[in-house]
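Here is how the chains run, residue by residue.
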Amino acid sequence: MTAPHFRQPRTTSARLLARASLAGIASLAGSGPLSAQAAPPSDPAPLISAAGQALAEGSPFRASRTLAPLLTAPHGRDPALVLLAARAASRWDGWATVVRLLRAEPWLDRLEDGEGRALLARALVERSDDALGDARAAAAGAPAEVLGPRLVTLARAFDRANLLDSAALTYRRAAVLLPSIGDWLRLRAAGVTADSAERAAIYREVSLAAAEPRIRWTEALALDRIGNPAGAAPLYESLGATLAAVRLRLRAAPDSSGLDAIRRELVGALTPRLAPDDARDAVALLDATFAPLTAQEELVVARRAAALDRLSRAADGFGRAAKRTPLRDADRLIYGTVLARLGRHPEAIGVLATIRDRELRPQAEFLRAKSLLRSGPRGAGLAALRRVAAAPVSDTATAATAAFLLADLLVDDGNDTGARVAYLAVARRFPGTSRGARAAFQAALLEFLHGSARVAASEFGALAERSADRSEGIAALYWSGRALLAVRDTTGARARWKAVAERFPNSYYAIPSASRLGLPGPTAAAAAELPAPDDGVGAALDRGALLERIGLRVEARFEFDRVGRDAENGSGGLLPAATAFLARGLAARAYHLALRVEPRGTSLDGAIQRLLFPLPMAAELADEAHRVGIDPLLVAAVMRQESGFDPQARSAADARGLMQVLPSLGASLARAEGVPDWDTALLYQPDINLHFGVVHLNQALRRAPRLEAALAAYNAGSKATEQWLALPGAANDPEVFIERIQFVETRDYVRRILRNLAIYRALYPAWP
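Residues numbered from 1 in each chain as written. Predicted model: local features only at pLDDT ≥ 70, side-chain atom pairs only at ≥ 80, totals over all residues. Heavy atoms only, no water.

Peer 1: What is the right way to read the overall build of the protein from this model?
Peer 2: Of the regular secondary structure elements, the protein holds 42 helices and zero strands. Its C-alpha atoms give the protein a radius of gyration of 30 Å, within 12% of the compact-globule value 27 Å for 768 residues. C-alpha extents for the protein along the principal axes are approximately 85 × 75 × 55 Å. The proportion of buried residues among the 768 residues of the protein is 53%. Across the protein, contacts joining residues at least 24 apart in sequence account for 58% of those joining residues at least 6 apart. If you average the places of the 96 positive and of the 83 negative side-chain charges in the protein, the two averages end up 5 Å apart. (Helix = DSSP H or I, 4+ residues; strand = E, 2+ residues; numbered from the N terminus. Rg over C-alpha atoms; globule rule 2.2 N^0.38 Å. Buried < 20%, exposed > 50% of the residue type's maximum accessible area, 1.4 Å probe, protein only. Contact = heavy atoms within 4.5 Å. Lys, Arg positive; Asp, Glu negative; His and termini not counted. Charge placed at Lys NZ, Arg CZ, Asp CG, Glu CD.)

Peer 1: How do you make sense of the layout of surface pockets when you look at a structure like this?
Peer 2: Summary: where empty space remains is shown by rolling a probe the size of a single water molecule over the atoms. What the second largest pocket holds in volume is close to 1200 Å³. Every element with two or more residues in the lining of the second largest pocket is listed here: helix 21 (361-375), helix 23 (396-412), helix 25 (434-450), helix 27 (471-486), helix 40 (718-725) and helix 42 (744-763). Here the residues of the lining of the second largest pocket sort into 13 nonpolar, nine polar and 15 charged. (1 Å grid on protein atoms, 1.4 Å probe; cavity = no way out; pocket = protein on both sides within 12 Å on 5 of 7 lines; lining within 4 Å. Points joined across faces, edges and corners; volume = space filled by probe spheres on them. Nonpolar A, V, L, I, M, F, W, Y, C, P; charged D, E, K, R; others polar.)

Peer 1: What should I look at first to understand the nonpolar core in this one?
Peer 2: Nonpolar side chains in soluble globular proteins tend to end up buried together. Counting 207 residues, the largest nonpolar core has Leu 102, Phe 460 and Leu 711 as its most contacted members. Once residues within four sequence positions are removed from consideration, Leu 711 is found in contact with Leu 634, Val 638, Leu 697, Tyr 749, Val 750, Ile 753 and Leu 754. By size, the runner-up hydrophobic cluster in this structure holds 21 residues, among which are Ala 305, Ala 315, Leu 333 and Ile 355. (Core = buried A, V, L, I, M, F, W, Y, C linked by side-chain atoms within 4.5 Å.)

Peer 1: So what exactly am I meant to see when it comes to the environment of Leu 582 here?
Peer 2: For Leu 582, the location among the structural elements is in helix 32 (residues 574-583). Measuring from C-alpha to C-alpha, the distance between Leu 582 and Pro 614 comes to 7.9 Å, with 32 residues separating the pair along the chain. If near-sequence neighbours (up to four positions away) are discounted, Leu 582 is found in contact with Ala 587, Ala 590, Arg 610, Leu 611 and Pro 614.

Peer 1: Explain the packing of helix 23 against helix 25 to me, please; I cannot follow it from the model alone.
Peer 2: When two helices pack together, you describe them by how their axes are tilted relative to each other and by the distance separating the axes. Close contact between helix 23 and helix 25 brings their axes to 9 Å; oriented N to C, the two are set at 25°. Judged by the angle between their axes, helix 23 and helix 25 are roughly parallel. Note on packing geometry: the crossing formed by helix 23 with helix 25 is left-handed. Taking contact as the criterion, the partners of Ala 400, Thr 401 and Phe 404 in helix 23 are, on helix 25, Arg 435, Arg 438 and Ala 439. In the contact of helix 23 with helix 25, the residues fall into three nonpolar, one polar and two charged. (Axes fitted to C-alpha atoms, helices over the stretch in contact; angles between N-to-C directions. Parallel < 35°, antiparallel > 145°, perpendicular 65-115°, else oblique. Left-handed = near helix turned anticlockwise from the far one by under 90°.)

Peer 1: Whenever I open this one, the packing of aromatic side chains confuses me. Can you help?
Peer 2: The way to describe two aromatic rings as a pair is by their centre distance and the angle between their planes. For the structure on display, the rule yields 18 aromatic pairs. Taken together, a centroid distance of 5.8 Å and an interplanar angle of 35° make the contact between Tyr 478 and Tyr 509 tilted. Taken together, the residues span a long stretch of sequence, with Tyr 478 in helix 27 and Tyr 509 in the loop between helix 28 (490-503) and helix 29 (510-516) at a distance of 31 residues. Just as Tyr 478 is buried, Tyr 509 falls in that class too. Here the aromatic rings of Phe 613 and Tyr 760 are separated by 5.5 Å at their centres, their planes lie at 85°, and the arrangement is edge-to-face. In this pair, Phe 613 sits in the loop between helix 34 (606-612) and helix 35 (618-628) while Tyr 760 sits in helix 42, placing the two residues 147 residues apart along the sequence. Here the two residues Phe 613 and Tyr 760 agree in accessibility, since each one is buried. (Phe/Tyr/Trp six-rings, centres within 6.5 Å; stacked < 30°, edge-to-face > 60°.)

Shown next, in the form of structure tokens:
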């Protein structure tokens, strides 16, 4: 159904040079490319050339990997080489590496107009170390073309050292040299200016649309910095920054009545309206300042901690509260759920057994049954699950889920015959639920695999009619075609697949339908010329790019956010802004703007398709994929599903970055690859995350028999995938395997990536 996911490495001269130059680097199977154990080459020129090319292509981490063997060689302390390595590390925020490379070097002020000193100063500022001496030296005598950014670094060093007057003066000097971002630098100056009249004069100079709304925030910051918490706190409060206001009032050391008021305010703020990061900070502040909390306060904190997936804190809070006051059934349900998620099943069973509320009882019994299955005698768990499934239906969703799980457990036991009977019972009893529809599908699939294809075709067809536009209905329509083909009704089968391809062209099932009809899959539509963004958009993105380069990323985000908001509000248009973002390498912002086009009725021509299916970091993506021999378009398809191209993405499970790499995996790969100065925060660096994600994906591909299984393993792990592969029909039929994946999330994940991959191959047939 899918094309092979392995491709031969490219043979262009540039790639051959890069590959030949990596001959001295240890392979992934042993020491990683940054390992100090790699044998240094005798001729550094090819590696230096390859590293320069990587930097030019926007792939600084690749440049660092390429240079690593040279730094262990006798010529490894050559100033030009060390400077190049530091420059590469600075581009992927490897500030610890920059400091390690440069701190002891005597030539920092002599080479490249003092670039080494400037890099060291910037690294120390980013690490919140003492940077004043190096920042002063970097700015002293700097040529005009680099003085502006170096003054920003110096101003930040003054700022961190609490030398506010010097910081303000230096920010103002930098604003003159960097006029396009002058307003942002003036706001920085205002934020460290003590005199209110001077601040007011600075604010009058600010006119950028993205900067003006930050004036009141800057004023609150300034009042805070100059030691006026009484003035800053109400201003923060008016801006919705409740937690910042509370911290300031705490700093003022109020009397006991004031502390009580702050305590009540913090507890009262822990509502769903409080942003998750602020809620986490509020809980930490309560614990640090006001412990021990009262029973009622513990309950408020525990409920919010549970919603934030801070499971240990939630369990502790409920446990402490329960020792002092009886818990309500609603809190017992949350408490039991938290304990089960922590794997503390015996405790969860005990808590859930105490729930008496008639509306909550079915869900509590279901959760208790699941914990019994995981920790107690299996028979007790099954009996409890059957009671939930068979009880009078007061909670349809819970009863349907319990009954469906019983059928799934029969599948796990290898009893497909019994599972079909159980699935049919779920479908008959809960026909209007998603579980009922899925059960009907699974029952028909088992009949297709073990019984009569004709009966399966009838059941699939009935489900397709009942759930025409729902995911299970689309799946049933496709599979009714497969069942009809099995009974040699080719005409009927082709009619079903044609219906899928025509009615649901963007679904996963349109791809195998087209293949079985002998038709091409997704096609690239002709690309209409999109309207160009206005000059203001380009100027804003230029400002954002410059702000990022000099380390003012918060201000850069404000510029980018303003462009996105204006586009969404109809000022300038969604597509021109999306096109501009994509051209600047901001694929996530382009993608999310383009997603808003389809609901507004705009036809999806080729240009819009490429906004929805972009190739971010194209050179790096191609290089990483070809280095291990997998299809770069597959990597792009996975990235789209994992993060929507957002390098700052973070999941509830704490997976991070473009390819959603878990910190534990990142640390393991960093050790295996010999990455020095590892920090989990580096997973937010696009090229590092991409590198680790490709390594992990390649490992899954090498272990799995087929692409579909590899994707399942990438999402759900190899153990679950092996169990699904062992189910009847799954080992030899990729389409059956996908349908027999028992985790909804993983099944949808695999289907979406296969759809993404087909569209990518249609859009970029000759790439790379």
